[in-house]
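Coordinate inspection notes
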Amino acid sequence: MYDNYDNIAWALADHEPFLGNSAHAFFDEHGSYQVYSYSTRILTLDFADRVLHFDNRYYSHTTSRLQKLIRDNALPYAGGKYAARELF
């Protein structure tokens, strides 16, 4: 059974694995939190929750929705703004 967008938002906020229809998240062998849309890596957080990679390019409506969920739930804040918006 696939997670819905509400469950995905909670999983992203807690940096937990999930499986959606077109997206999934897991911890790799290095302990990094990886989020993919289809086969495209969208987010990588290291073991200390630092953003190593955030792909905010446009791919599709579905991927854009996931990117918004990531921005709203998974990214750390820095000075009131999302750190990834300033880094990438």
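See the structure printed just above.
These lines cover the structure that appears in this document, whether it is placed above or below. (Residues numbered from 1 in each chain as written. Predicted model: local features only at pLDDT ≥ 70, side-chain atom pairs only at ≥ 80, totals over all residues. Heavy atoms only, no water.)

1. Points about the overall build of the chain
Where we set the bar: Numbering of helices and strands runs from the N terminus, with a helix taken as a DSSP run of H or I at least four residues long and a strand as a DSSP run of E at least two residues long. In this scheme, a residue with accessible area under 20% of its type's maximum is buried, one over 50% is exposed, and one in between is partly exposed, where area comes from a 1.4 Å probe on protein chains only. Whether two residues are in contact is decided by their heavy atoms, any of which lying within 4.5 Å being enough. Per-residue accessibility takes into account occlusion by the displayed protein chains alone, with areas from the Shrake-Rupley method and a 1.4 Å probe.
Helix and strand content of the chain: 3 helices and 7 strands. Scanning the chain from its N terminus toward the C terminus, one meets helices and strands in the order α-β-β-β-β-β-α-β-β-α. Classification of the 88 residues of the chain by burial places 41% in the buried group. Put simply, 31% of the contacts in the chain that link residues at least 6 apart link residues at least 24 apart. In the form shown here, the chain has an accessible surface area of approximately 5,500 Å², with 52% of it arising from carbon and sulfur atoms.

2. Focus: the sheet that holds strand 3 (residues 33-37)
Using the following cut-off: Paired strands are those between which DSSP finds at least two bridges.
Overall, antiparallel pairing links the 5 strands, which are arranged 1-2-3-4-5 in an open sheet. Of all strands in the sheet, those bounded by a partner on one side alone are strand 1 (18-19) and strand 5 (51-54).

3. Observations regarding the pattern of salt bridges
Formally: Take a side-chain nitrogen of Lys or Arg and a carboxyl oxygen of Asp or Glu: if they are within 4 Å of each other, that pair is a salt bridge.
Taken as a whole and assessed by the stated rule, the structure comprises 3 salt bridges. For the salt bridge of R57 with D55, the shortest nitrogen-to-oxygen distance reads 2.9 Å. We classify R57 as exposed; its relative accessible area is 53%. Ionic pairing is found between D72 and K68, a salt bridge with its closest N-O pair at 2.4 Å. Pair noted here: D72 and K68 are both in helix 2 (residues 61-73), with a separation of 4 residues, about one helical turn. Judged by relative accessible area, K68 falls into the partly exposed class, the value being 45%.

4. Details of unusual backbone geometry
For Y38, which is not glycine, the phi dihedral falls at a positive 55 degrees. Assignment of secondary structure puts Y38 in the loop between strand 3 and strand 4 (40-45).

5. Quick notes on the packing of aromatic side chains
Cut-off, in case you're wondering: For this analysis, a ring pair means two rings from Phe, Tyr or Trp (six-membered ring only for Trp) whose centres lie within 6.5 Å, classed as stacked if their planes differ by under 30 degrees, edge-to-face if by over 60, and tilted for the remaining angles. Look at NZ for Lys and CZ for Arg. If either is within 6 Å of the ring centre and within 35 degrees of the ring normal, a charge sits over the ring.
A full pass over the atoms with the stated rule returns 2 aromatic pairs. Judged by centre distance (5.9 Å) and plane angle (15 degrees), the ring pair of F26 and Y36 falls under stacked. Placement of F26 in strand 2 (residues 23-27) and of Y36 in strand 3 is noted, with a sequence separation of 10 residues between them. A cation over an aromatic ring shows up here: R50 above the ring of F47, its NZ or CZ 5.9 Å from the ring centre.

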